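Coordinate inspection notes
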Amino acid sequence: MLRRPEYRKALVFCGLIGVPVALVAFWFLVALKQLEQLIWTDWPKDLGWKQAPWWWGLVLLPVAGLIVGLVVARLPGRGGHIPAGGLHSGGVSKEALPGVVLAAMAGLPLGAVLGPEAPLIALGGGLALFFAALARAPQNESSTALLGAAGAAAAISALFGNPLVGAVLLMEVAGVGGPQLFAVMLPALLTSGVGALIFTGFVHWTGLATGTLDIGLPVPPPLDWADVLWVVVLAPALAFLVHGTFVGGRFAARFVAARTVRNTVLCAAGAGVCITLYALVTGRSPAEAALSGEAGLSSLAANPHAWSVGALVAVLAFKGLAYTLCLGSLRGGPVFPSLFLGGAAGVLLAPLPGLGLVPAMAIGMAASVTAALRLPVSSVVLVVLLLGNVETVALVVLAAVMSFVVTQLLPQGPRIPAFGEHPAGPTRRSRPGRS
């Protein structure tokens, strides 16, 4: 493959594309983080509250649903992939980019229980094709897939802060094998490295931040047989629960397809009700049940004793229900909410005999994110990066494998359409006034 001049040119071009894609991804993530801070922390304090009031999500989520519903109904690309279908690469056109960005910027900071990874993948892939068109690079089916995967890898590495995660994730998402795997892997790895360098440099130069994956877990004791036995029990159970949220999300997507704008608002409002009930039941901030959970996972790991058993049960129940509704109606990624729910389950289950906090969180996060993504290798790499130690790698691998097997054997629910396809199917015509 490397002896072919056209492939070497494509490799160089992918490395160059990694620079602008990483810069756009950097500012996209900074904007999301700043908006989230403004809406959920600064505004409540400016209005005289110590934290966001209990009704905050009940006001914000319907607004998010209205904007996202209009984007889905009116703009090309329908705002991106439906998150209940997991992560996808490809299928993103240049014309779809405005809708993808608008849906993410409207839904995620206003409290959608979703992460930014799916919009980043779409943004990176679409920008790579856009820059290739500007450069008048020759494009065919294979080169389009190559450029899309490379651009998506550059963008996603900016989020995870690690080029290896970006490359492995995009290789599994792309679903290619044999010689094609190498052809996609090398450009994706290259652009991930370039993207990580540019991203890291801008973090230091600007002083701005987009979040960190270092959740500050203590070094665990050596593993024992009890940890392994608990994997066999807990990983399938957590996989079953997380899979249930995705099946529910697919039914929510089918409900939204009937009348897109109205039903998107209804689902978003339902998520707002779940967030409100969590705040009323626990007296804690509604932000804990809203948003992606990326920031909450760090505080959960750093100070697990600040969460009572009742608060952990409540956040699993209400955030899980809000996650289900958002998966089928809004636009974003499924990674960070599943990681948070798995981490919260781990903290709740840590007192079990012979388990402990770090092994429990390792099992919970690995099982949950694997059930959400159906990408076992990427899930293992991501959770190991989060944990930051090698002692729990065996548990992570076992939990991911068992979760993947259980999830694949369970009923999958309604089919999720491809990028830009109407959820009701390509042959259905929309009636006037029913969007």
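None of the values given here were measured: they were computed from a predicted structure.

**Notes on the overall build of the protein**
Counting its secondary structure elements, the protein contains 15 helices and 0 strands. Out of the 435 residues in the protein, the part that is buried amounts to 53%. Sequence separation of 24 or more characterises 81% of the internal contacts of the protein that already satisfy a separation of 6 or more. Carbon and sulfur atoms make up 68% of the accessible area of the protein, which amounts to about 17700 Å² in all.

**Considering the packing of aromatic side chains**
All chains considered together, the criterion is met by 6 aromatic pairs. Taking the centre distance of 4.9 Å and the plane angle of 85° together, the rings of Phe26 and Trp27 count as edge-to-face. Taking the centre distance of 5.6 Å and the plane angle of 80° together, the rings of Trp49 and Trp55 count as edge-to-face. With a relative accessible area of 34%, Trp49 lands in the partly exposed category. Clustering of aromatic rings is evident, with ring pairs tying together Trp49, Trp55 and Trp56. Its end group placed over the ring of Trp307, Arg284 keeps NZ or CZ at 4.1 Å from the ring centre. Sitting above the plane of the Phe340 ring, Lys319 keeps its charged end 5.1 Å from the centroid.

**Quick look at the environment of Gly354**
Examined against the element boundaries, Gly354 turns out to sit in the loop between helix 12 (335-349) and helix 13 (357-373). Judged by relative accessible area, which is 41%, Gly354 ranks as partly exposed. Put simply, Gly354 and Trp225 are 129 residues apart on the chain and 8.6 Å apart in space, counted from C-alpha to C-alpha.

**A word on a nonpolar patch on the surface**
A surface patch of nonpolar side chains, about 430 Å² in accessible area, is lined by Trp54, Leu58, Val273, Leu277 and Leu280. Broken down by element, the residue count for the nonpolar patch peaks at 3 residues, all from helix 9 (residues 260-282). If you trace the backbone, Leu277 turns up in helix 9.

**What about the nonpolar core?**
Residues Phe160 and Leu339 are the most contacted members of the largest nonpolar core, which totals 110 residues. Excluding anything up to four places from it in sequence, Leu339 contacts Leu297, Met365, Val369, Leu382, Val383 and Leu386.

**A few points about the packing of helix 13 against helix 15 (residues 393-409)**
Axis separation between helix 13 and helix 15 bottoms out at 8 Å; the angle between their running directions is 35°. Between helix 13 and helix 15 lies a crossing of right-handed hand. Across from Pro359, Ala362, Ile363, Ala366, Ala367, Thr370 and Ala371 in helix 13, the residues of helix 15 making contact are Leu395, Val396, Ala399, Ala400, Ser403, Phe404 and Thr407. Counted by class, the contact of helix 13 with helix 15 contains 11 nonpolar, 3 polar and no charged residues.

**A word on helix 13**
For helix 13, which comprises 17 residues, the first-to-last C-alpha distance of 24 Å matches the rise-based estimate of 24 Å (1.5 Å per residue) to within 8%. In terms of residue burial, helix 13 counts as a mostly covered element, since 16 of its 17 residues are buried. Arg374 occupies a position one or two residues after helix 13 and carries a positive phi of about 60°.

**Considerations on the pattern of salt bridges**
Inspection of the entire model under this criterion finds 1 salt bridge. A salt bridge links Arg284 to Glu288; the shortest N-O distance between them is 2.8 Å.

**Some details on the packing of helix 12 against helix 13**
Across the interface, helix 12 lies against helix 13 with an axial gap of 7 Å and an inter-helix angle of 145°. Here helix 12 runs over helix 13; the crossing is right-handed. Judged by residue contacts, Val335, Ser338, Leu339, Leu341, Gly342, Gly343, Gly346 and Val347 of helix 12 engage Leu357, Ala360, Met361, Gly364, Met365, Ser368, Val369, Ala372 and Leu373 from helix 13. Considering only residue class, the contact of helix 12 with helix 13 consists of 11 nonpolar, 6 polar and no charged.

**Topic: the side chain of Ser368**
Take Ser368: it is sitting in helix 13. Among the polar contacts made by the side chain of Ser368, one reaches the main-chain carbonyl oxygen of Gly364 at a distance of 2.8 Å. Leave out the neighbours within four places in its chain, and Ser368 touches Leu238, Val242, Ser338, Leu341 and Gly342.

**Focus: unusual backbone geometry**
With phi around 55°, Arg78 is a residue other than glycine that occupies positive phi space. Within the fold, Arg78 resides in the loop between helix 2 (56-74) and helix 3 (97-107). You can call Arg78 buried: its relative accessible area is 12%. The backbone of Leu291 shows a phi angle near 60°, a positive value even though the residue is not glycine.

**A word on the confidence of the model for the protein**
Model confidence for the protein is summarised by a mean pLDDT of 83, while 80% of its residues fall at 70 or above. Across residues 425-435 the pLDDT falls below 50, and counting only partners more than four positions away or on other chains, this stretch makes 12 contacts in the model.

**What about the environment of Val100?**
Here Val100 shows up in helix 3. Separated by 23 residues in the primary sequence, Val100 and Gly77 have C-alpha atoms spaced 7.6 Å apart.

Rules used throughout
- Residues numbered from 1 in each chain as written.
- Predicted model: local features only at pLDDT ≥ 70, side-chain atom pairs only at ≥ 80, totals over all residues.
- Heavy atoms only, no water.
- Helix = DSSP H or I, 4+ residues; strand = E, 2+ residues; numbered from the N terminus.
- Buried < 20%, exposed > 50% of the residue type's maximum accessible area, 1.4 Å probe, protein only.
- Contact = heavy atoms within 4.5 Å.
- Areas by Shrake-Rupley, 256 points an atom, 1.4 Å probe, with all protein chains shown as cover.
- Phe/Tyr/Trp six-rings, centres within 6.5 Å; stacked < 30°, edge-to-face > 60°.
- Lys NZ or Arg CZ within 6 Å of the ring centre and 35° of its normal.
- Patch = residues over 30% accessible without salt bridge, like charges linked within 9 Å, V, L, I, M, F, W, Y side chains within 5 Å.
- Salt bridge = Lys/Arg side-chain N within 4 Å of Asp/Glu carboxyl O.
- Core = buried A, V, L, I, M, F, W, Y, C linked by side-chain atoms within 4.5 Å.
- Axes fitted to C-alpha atoms, helices over the stretch in contact; angles between N-to-C directions.
- Left-handed = near helix turned anticlockwise from the far one by under 90°.
- Nonpolar A, V, L, I, M, F, W, Y, C, P; charged D, E, K, R; others polar.
- Expected span 1.5 Å × (residues − 1).
- Polar contact = N/O pair within 3.5 Å; in protein donor to acceptor, adjacent residues only side chain to side chain.
- pLDDT = per-residue confidence, 0-100.

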